Each structure stands twice: as structure tokens, then as C-alpha cells.
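Fold and contact review
As a plain string of letters, each chain reads:
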Amino acid sequence: MDPRLFIVIVAVIYLGALLGIGFWAQKRAAKASDFLVAGRKLGVVMCACTIAAVQIGAGVVVGGATNGASMGVWPGMYYSMGCGLGCIIAGIFIAPRMRDIEAVVPMDYFEARFGSHKAIRGWAWLSNVPSLLGIFVAQLLACGSILAAFGIPFWIGVVVCALVILVYASMGGMWSVVVGDTVNIAVIMVGIPVAAIIALSRLGATGVDAFSTVFMTPIIPQGLFSKFVYAVAPMLVSISVSYDAFLRYQSAKDVKTARWGCIWGGIITMFIGTMASAIGVVGQQLNPSADAGSIFATTVSATMSPVLAGIVVTAVLAAAMSSGNGLLICMGASFSRDLYNKMLHPDKELDELPKAKTIAQITIVGACLVGIFFAFKMDNVLDAIILFNYPYMGSMLVPLYGALLYKNGTVKGCFAGMIGGAIVGTVCFLAGIPSPLQGLFNPDMGLFAAYAVALVLMVIVSSMDKNKCPMVRMKNAAREAAK
């Protein structure tokens, strides 16, 4: 039997099992909160696995191997470094506070401190749509490139994976995602390091000093400093308040679990990212004519037995699809919580609205179809992830951190920062995608320009505003103080 056909068969069986998990999880997602945050019942292991899986899906493995093949092992793991350290920072400083108020979306914390403001909530919802959509498109690009390495046309791979994601996400919500993530990360934690070791041994068998060739290279090669900043910094500071990670640590059973789930998830992400990048470097050394976009799948299938290769490649494919599931659920949460609940029915709790879950499911279907369209318009996984983040993160990250950490922050200050960051972030976003502004300037540092403008405006306007808002006290600290 053709090894590629064998791997495809393994993929079909594996993904069929994940769909079975989705059907099982459907019974546990009776309410909107069950569907969106898994009933807040996750332990440390499942929390760490699902937080790692949302990063590892496309950018860390497929994007890391691609960049490793073209630029070297350390540039290849820049993105995983940003994601991993971002998760650790979230665990130490941000996730415990956010989890303590039992939020559903990041803007719930903003509202807890500054009160309800529909204009701010509306912009958070609107700007978050391209952010989540871009990352979802990246997962589809990764799925298509993985399957293309085994002879399946790219467009068929994208459409089939999108339809599986759609069914999976609309059934069990976050419960199905978390259980699938735990299985996928268990396989990836074993399979990718084994694949890297086997690939390195193959390279060593050619007479090359494999370790020195792959790892003894500059961490930041000449001319790649801006690429380092572009790949590392956005996720380093944004993971804490990104919807995809946010819903994961909100699903933790308590504050301590949220903290350690983020920390361990970050460690797993950086380890796997380094191994995936090494696979890309070795693959390019062994087969210089190989396509960098599918280097991970081709190298694994060429160096491992069909059974092991099938399991590893399918686990990565499933992780990318699971990330896609989570992103669609985040999109559903944004529409059902930010738009339907907080803007249209602010006097109700989410679970009191009978249409909340239905709206989330309808949103999932629409977002999936739009994602398929954009997947045929872009070809770079990391660009899809990072550029589409510009409008939301450029406008919302500094105000959200201000709500968490800046005791002198005010509503007017945060709103001013939001407007300034939105303008800069949106312009830089348009400069990086097909639009009238494309190519006018290099948008790599655009997100930092948006952060700087937002920070300056927030501090200046807050200092001039006399209507100060008290910091939100953590429930646990308040309880201890009351004893």
C-alpha cells in the first residue's frame, strides 16, 4: 500500500474518533455557559492541554517548520516563543484576575471596573471579528497544506477540514474542543519530539554534524531583528486577553488551575515549537527542493514508518482543526455575549437568554463559510494570524491592561486610547492585506505603533479626568480580608 494512502486512512479514522467525542460532548453542553466555557470544570492537565493546543495548531508546528526550513531553527520557533511566553505571562499576572470574576469574554472585566458602555463593547465585538477570522483562516491554510503533501488537492483539504470543524464545533462547544485537545496534545508531546530525533539521526547518517548544523546558529540572524519582533512580540503581550486563550482559562475550575494551566501550556508550546522548527531545518537539508509550506508533513512521512507518521501528522492536523473549533466558538461567544447579551439585552444573564446558544451556533456556521473564502486568498499562515489581529489588539489590548493594572485609569482615558489604537491598527492592517493601502509601508512594527499611541492617549486623558474608577478586587483576596 502507498504510505501516503495509509496516512490518509489513519487520518480518516482519527478524525472520525474526534467527531465521536463531539457527539459525546453534546450532552454536556446544555446551557450557553456549558457550550462556551465547558461549565468551568477543567483541571490543570486538561486546561494546560487546551491552552497549548490553541497555540500549537497551525502557527507553531506548520508555520514553525516552514520558517525553520527557510530561515533556521531559532527564527522558526520565534512564534512559539511569543505564544509560550505569552501564556506564562498570562498565568502569572493576568489569568487569575480574569478567571476570578467568572467572565465569558475579555470585555466582561472591563465592564466590572468601568461599568457598561455599549460603544466600547460594540467596538470590541466589531474589531474582534477579523482577528478571530484571520486565525481561523490560518488553521484552514495549515490543514490544506498538510493534506496537500499526501496528494489531496489543497482546496479539497480546506473544504473538508472546514466542514469537519463546523460539525465538531457546533455540537459540543468547548467541551468537545477540550477533550479533543487533550488527546491531540498527548500524541503531539510524544510524536513530534520522536519525529525530530529520527529526522536528526537521518541527517547525521549523511555525514553531517546534525546537532551543530541545526542548533548552533545565531538566535537572531543578521537582518531578521524586525522579523523577530514581528513574530514574538504580538503574541507575547496579547495572549492574556485574546478570546481563544481567554475562553480556555475561563473554563478552569478555579483561579489556581487557570494560573498553572497557562504556565504549563506555555512551556509545552515552546518545546513543541522548537522541535517542529528542527524538523523543518532537517527536511530542507535532506530535500532542498521540497516545498517549504508542506515541509513538516513531507519530512515526517519520509523519515517515520507509515503508522507513526500517520498518527503524528493526523494529531497535528487535528490540533489545527481543534484550534479552528475553538476560534469558531470564540466567534460565537463574541456574537452571543458582546452583541446579543451585553448590547441588546444588558439586563439579562447569558443563560437567561434562550436564543444565546442558537446565535452562537449560527455565527459558527457563517464564520466557517467566510473563512473558507479567505483561505483561498492568503498563502502565509503567520501573516494570517498576526495581521488580522491588528484592529482588535491595536485598539483593545492597552485599555484592557489598563483596566487590570492601571489604578488611575478612567473610562474616558481608555476610550481615547481605544480610538487612537484602532486608527493606527486598522491602517497597518490594511497596509498588509490586499487593499488600496497595501505596500505603502512595512506594517511589521504597526502593532507597536498602535500600542504606543493607545498608551499615551490613555495616560494623558486619564490624568486629566477626575472621575476615577476603583480597581476590581479579587474575590479570594476580598474573602481573606473579611475574615
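Definitions and cut-offs
- Residues numbered from 1 in each chain as written.
- Predicted model: local features only at pLDDT ≥ 70, side-chain atom pairs only at ≥ 80, totals over all residues.
- Heavy atoms only, no water.
- Helix = DSSP H or I, 4+ residues; strand = E, 2+ residues; numbered from the N terminus.
- Rg over C-alpha atoms; globule rule 2.2 N^0.38 Å.
- Buried < 20%, exposed > 50% of the residue type's maximum accessible area, 1.4 Å probe, protein only.
- Contact = heavy atoms within 4.5 Å.
- Areas by Shrake-Rupley, 256 points an atom, 1.4 Å probe, with all protein chains shown as cover.
- Lys, Arg positive; Asp, Glu negative; His and termini not counted.
- Charge placed at Lys NZ, Arg CZ, Asp CG, Glu CD.
- Salt bridge = Lys/Arg side-chain N within 4 Å of Asp/Glu carboxyl O.
- Polar contact = N/O pair within 3.5 Å; in protein donor to acceptor, adjacent residues only side chain to side chain.
- Patch = residues over 30% accessible without salt bridge, like charges linked within 9 Å, V, L, I, M, F, W, Y side chains within 5 Å.
- pLDDT = per-residue confidence, 0-100.
- Core = buried A, V, L, I, M, F, W, Y, C linked by side-chain atoms within 4.5 Å.
- Expected span 1.5 Å × (residues − 1).
- Phe/Tyr/Trp six-rings, centres within 6.5 Å; stacked < 30°, edge-to-face > 60°.
- Axes fitted to C-alpha atoms, helices over the stretch in contact; angles between N-to-C directions.
- Parallel < 35°, antiparallel > 145°, perpendicular 65-115°, else oblique.
- Nonpolar A, V, L, I, M, F, W, Y, C, P; charged D, E, K, R; others polar.

To continue, consider the overall build of the chain. Regarding its fold elements, the chain presents 21 helices and zero strands. Here the C-alpha atoms of the chain give a radius of gyration of 22 Å, agreeing with the 23 Å that 2.2 N^0.38 yields for 483 residues. Projected onto its principal axes, the C-alpha coordinates of the chain cover approximately 70 × 50 × 50 Å. When the 483 residues of the chain are sorted by exposure, 60% land in the buried category. Partitioning the contacts of the chain with sequence separation of at least 6, the portion at a separation of at least 24 is 86%. Carbon and sulfur atoms make up 69% of the accessible area of the chain, which amounts to about 18,000 Å² in all. Here the chain holds 31 positive side-chain charges and 21 negative ones, and the gap between their average locations is 7 Å.

As a working rule, side chains carrying opposite charge can pair if their charged atoms are close by. Evaluated as defined, the whole model comprises seven salt bridges. Taking the shortest distance from any N to any O, the salt bridge between glutamate 111 and arginine 121 comes out at 2.8 Å. With glutamate 111 in helix H6 (residues 107–114) and arginine 121 in helix H7 (residues 118–148), this pair connects stretches of sequence that are ten residues apart. Its salt-bridge partner being arginine 248, residue aspartate 181 comes within 3.4 Å of it at the nearest N-O pair. Here aspartate 181 is found in helix H9 (residues 174–204), whereas its partner arginine 248 is found in helix H12 (residues 243–250), with 67 residues between them in sequence. Comparing aspartate 181 with arginine 248, the two get one shared label, buried. Because the salt bridges share partners, they merge into one network encompassing Asp108, Glu111, Arg121, Arg337, Asp338 and Lys342.

Within the secondary structure, serine 127 sits in helix H7. Within the local environment of serine 127, its side chain forms a polar contact with the backbone oxygen of alanine 124, the two atoms lying 3.5 Å apart.

Here the focus is a negative patch on the surface. Together, Asp347, Glu349, Asp351 and Glu352 make up a region of like negative charge exposed at the surface. Mapping aspartate 351 onto the fold places it in the loop between helix H15 (306–344) and helix H16 (356–375).

Take the confidence of the model for the chain next. Summary statistics for the chain give a mean pLDDT of 83 and a share of 94% for residues scoring 70 or more. No element of the chain has a lower mean pLDDT than helix H21 (residues 475–482), which averages 51, and none a higher one than helix H13 (residues 255–286), which averages 94.

So, on to the nonpolar core. One finds Ile56, Val61, Phe110, Ile192, Tyr249, Phe296 and Val300 to be the most contacted residues of the largest nonpolar core, which totals 141 residues. In terms of residues, this core owes the most to one element, H15, which gives 16 residues. In this structure phenylalanine 296 touches Val61, Ala65, Ile192, Ile279, Val312 and Val316, once residues within four positions along its chain are discounted. Of all hydrophobic cores here, the second largest spans ten residues; its members include Ala199, Leu203, Val214 and Val281.

Glancing now at H16. If you check H16, its first and last C-alpha atoms are 28 Å apart, about what 20 residues at 1.5 Å a residue would give, namely 28 Å. Listing the buried residues of H16 in full gives Ala356, Ala360, Thr363, Ile364, Ala367, Cys368, Gly371, Ile372 and Ala375.

On the surface, Phe415, Ile419, Ile423, Val427, Leu440 and Phe441 cluster together into a nonpolar patch covering about 530 Å² of accessible area. Mapped onto the secondary structure, isoleucine 423 falls in helix H19 (residues 411–432). Overall, the relative accessible area of 52% leaves isoleucine 423 in the exposed class.

With that settled, the discussion passes to the packing of aromatic side chains. If you walk through the whole model with that rule in mind, you get eight aromatic pairs. Pairing phenylalanine 448 with tyrosine 451 gives two aromatic rings, centres 5.8 Å apart and planes at 80°, and the pair type is edge-to-face. Taken together, the residues phenylalanine 448 and tyrosine 451, both in helix H20 (residues 446–464) and three residues apart, mark about one turn of the helix. An aromatic cluster of three or more residues is present, and its members are Trp74, Phe211 and Phe215.

In this structure, arginine 40 takes a positive phi of about 50° despite not being glycine. Along the chain, the position of arginine 40 falls in the loop between helix H2 (32–37) and helix H3 (44–71). You can call arginine 40 buried: its relative accessible area is 17%. In this structure, glutamate 102 takes a positive phi of about 55° despite not being glycine.

To describe two helices that pack against each other, one gives the angle between their axes and the distance between the axes. The interhelical angle for the contact between H13 and helix H14 (residues 295–303), taken along N-to-C directions, is 70°, at an axis separation of 9 Å. Our classification of the angle between H13 and H14 gives roughly perpendicular. Touching Ile279, Gly280, Gly283, Gln284 and Leu286 of H13 are Ile295, Phe296, Thr299, Val300 and Thr303, all from H14. A class-by-class count of the residues in the contact of H13 with H14 yields five nonpolar, five polar and no charged.

What follows deals with the environment of leucine 236. Inspection of the secondary structure assignment puts leucine 236 in helix H11 (residues 225–238). Separated by 146 residues in the primary sequence, leucine 236 and alanine 90 place their C-alpha atoms 9.2 Å from one another. Apart from the residues lying within four places of it in its own chain, the contact partners of leucine 236 are Gly82, Leu85, Gly86 and Ile89.

This part covers the environment of alanine 375. Relative to the assigned elements, alanine 375 resides in helix H16. With 175 residues separating them along the chain, alanine 375 and leucine 200 place their C-alpha atoms 33 Å apart. Every residue in contact with alanine 375, bar those within four places of it in the chain, is listed here: Val137, Leu140, Leu141, Phe154 and Val158.

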